[in-house]
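# Examination of the molecular architecture
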Amino acid sequence: MDIRSLPTEQTTSKAKHYEEIQIRHLMADYIHACRDGDLKKIKSLYTNDVVSFDMPPPHKMVGLGDYMKSWEKWYAGQFDFPVIYDSLDLQVHVSGDVGFTFDIIHMAGTLKNTGERIENWLRHTCGLVKVREKWLIAHEHISAPVGEDGQALTTLNPDQIELPHH
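Described below are features of the structure shown in this document. (Residues numbered from 1 in each chain as written. Predicted model: local features only at pLDDT ≥ 70, side-chain atom pairs only at ≥ 80, totals over all residues. Heavy atoms only, no water.)

## A few points about the overall build of the protein
Rule in force here: We count a stretch as a helix when DSSP gives it H or I for four or more residues in a row; a strand needs E for two or more, and each element gets its number in order from the N terminus. Whether two residues are in contact is decided by their heavy atoms, any of which lying within 4.5 Å being enough. Accessible surface area values rest on a Shrake-Rupley calculation with a 1.4 Å probe, where residue burial reflects the displayed protein chains alone.
On a plain count of helices and strands, the protein comes out with three helices and six strands. Secondary structure elements of the protein occur, N-terminal to C-terminal, as α-α-β-β-α-β-β-β-β. Expressed as a percentage of contacts within the protein between residues at least 6 apart in sequence, the contacts between residues at least 24 apart total 53%. Taken as a whole, the protein presents about 10200 Å² of accessible surface, with 54% of it coming from carbon and sulfur.

## Quick word on the packing of aromatic side chains
Note the threshold: For this analysis, a ring pair means two rings from Phe, Tyr or Trp (six-membered ring only for Trp) whose centres lie within 6.5 Å, classed as stacked if their planes differ by under 30 degrees, edge-to-face if by over 60, and tilted for the remaining angles. For the exposure calls, accessible area comes from a 1.4 Å probe over protein chains only, and a residue counts as buried if that area is under 20% of its type's maximum, exposed if over 50%, partly exposed in between.
Per the counting criterion, the structure on display carries eight aromatic pairs. Seen from their ring centres, Tyr75 and Tyr85 are 6.2 Å apart, and the 85° between their planes marks the pair as edge-to-face. In this pair, Tyr75 is assigned in helix H3 (residues 64-76) and Tyr85 in strand E3 (residues 79-95), connecting sequence segments ten residues apart. Looking at Tyr75, the relative accessible area reads 8%, which means it is buried. On the accessibility criterion, Tyr85 (6% relative accessible area) is buried.

## Brief notes about the environment of Arg24
The condition that has to hold: Polar contacts, as used here, are pairs of N or O atoms within 3.5 Å; protein pairs need one atom able to donate a hydrogen and one able to accept it. Residues neighboring in sequence count only if both atoms are side-chain atoms.
Within the fold, Arg24 resides in helix H1 (residues 9-36). Measuring from C-alpha to C-alpha, the distance between Arg24 and Leu90 comes to 8.4 Å, with 66 residues separating the pair along the chain. Only 3.5 Å separates the side chain of Arg24 from the backbone oxygen of Leu90, close enough to count as a polar contact.

## Side note on the nonpolar core
Convention followed: For the purposes of this section, nonpolar cores are sets of buried Ala, Val, Leu, Ile, Met, Phe, Trp, Tyr and Cys residues that join through side-chain atoms within 4.5 Å.
In terms of nonpolar packing, the biggest core is built from 35 residues, with Tyr30, Tyr46, Trp71 and Tyr85 touching the most fellow members. Secondary structure elements with two or more residues in this core: H1, helix H2 (39-43), strand E1 (46-53), H3, E3, strand E4 (98-111), strand E5 (117-131) and strand E6 (134-143). Of the residues forming this core, the biggest block, seven residues, is contributed by H1. With sequence-adjacent residues up to four places away left out, Tyr85 is seen in contact with Tyr30, Ile31, Cys34, Arg35, Tyr75, Ile105, His106 and Met107.

## Notes on the side chain of His124
Relative to the helices and strands, His124 resides in strand E5. Within polar-contact distance, the side chain of His124 engages the side chain of Tyr30 at 3.5 Å. Reaching out from His124, the side chain makes a polar contact with the side chain of Asp103 at a distance of 2.9 Å. Discounting residues that sit within four places of it in the chain, His124 has contacts with Met27, Tyr30, Thr101, Phe102, Asp103, Ile105, Glu140, His141 and Ile142.

## As for the layout of surface pockets
Quick note on the threshold: Both cavities and pockets are sets of points on a 1 Å grid over the protein atoms alone; in a cavity a 1.4 Å probe fits but cannot get out, in a pocket the set is open with protein on both sides within 12 Å along at least five of seven lines, and lining residues sit with an atom within 4 Å of a point. Grid points are joined across faces, edges and corners, and a volume is the space filled by probe spheres set on the points. Residue polarity is assigned by list, with Asp, Glu, Lys and Arg as charged and Ala, Val, Leu, Ile, Met, Phe, Trp, Tyr, Cys and Pro as nonpolar; anything else, Gly included, falls into the polar class.
Reported here for the largest pocket is a volume of approximately 490 Å³. Looking at which element gives the most residues to the lining of the largest pocket, the answer is H3, with five residues. Of the residues that constitute the lining of the largest pocket, the class distribution is 16 nonpolar, four polar and two charged.

## Some words on the sheet that holds E1
The criterion, for reference: Strands pair, by our definition, only if DSSP identifies at least two bridges between them. Axis geometry follows a simple rule: fit a line to the C-alpha atoms, using only the stretch in contact for helices, then measure angles between N-to-C directions, giving values from 0 to 180 degrees.
Ordered by their spatial adjacency, six strands build an open sheet running E2-E1-E6-E5-E4-E3, and the pairing between neighbours is mixed. Of all strands in the sheet, those bounded by a partner on one side alone are strand E2 (60-62) and E3. Going from strand to strand, the sheet's axes swing by 20° on average, the running direction of each strand aside. As paired strands, E1 and E2 are joined by three bridges and run antiparallel to one another. When the sheet's bridge partners are listed, Phe53 is paired in E2 with Lys60.

## Examining the pairing of E4
By the criterion of burial, E4 is predominantly enclosed, with ten of the 14 residues buried. Where E3 meets E4, twelve bridges bridge the pair, whose relative direction is antiparallel. Counterpart to Phe79 in the pairing with E4 is Leu111. Hairpin geometry of E3 and E4 is characterised by an intervening segment of two residues between the two adjacent antiparallel strands and by a positive phi of about 65° at Gly96. Bridge count between E4 and E5: 13 bridges; the pairing is antiparallel. Counted as the bridge partner of Ile105 is Leu122 from E5. The hairpin turn running from E4 into E5, its antiparallel successor, is five residues long, and Gly115 in that turn takes a positive phi close to 75°.

Right under this line is the structure:
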């Protein structure tokens, strides 16, 4: 092996930065697809064997088919689009072909059947893998903090959620 072919710290740093940018693009696509209720785009962002833990039942989904059924029932089937769907304080970490993200999601929209306005602030974590040069979400966890009474606190706004200092 020629020592000149080994990656330097500078080339490794540039490659890592490039991968972080690619993941940020994927997460921006996710946000835009969620705003528009674009299930076809949402589906394209996940692995076939995705595992997701979410707020509405069934709470745990394994595989893209089950995951998309939940999206159809609890999201696309419930809201008038577009909705407000924003990411706050997105953090991206990557090493090789594995990465993860975490952020706070602000989601607000109008229910189709009742016209009621819903607004939630949620914690969002994704595990990502690079498959054939494309980053995909392999694991997703959406949750809300709970109060002393055990009830989900989905209406907390960012001023009430302690964000990490970085």
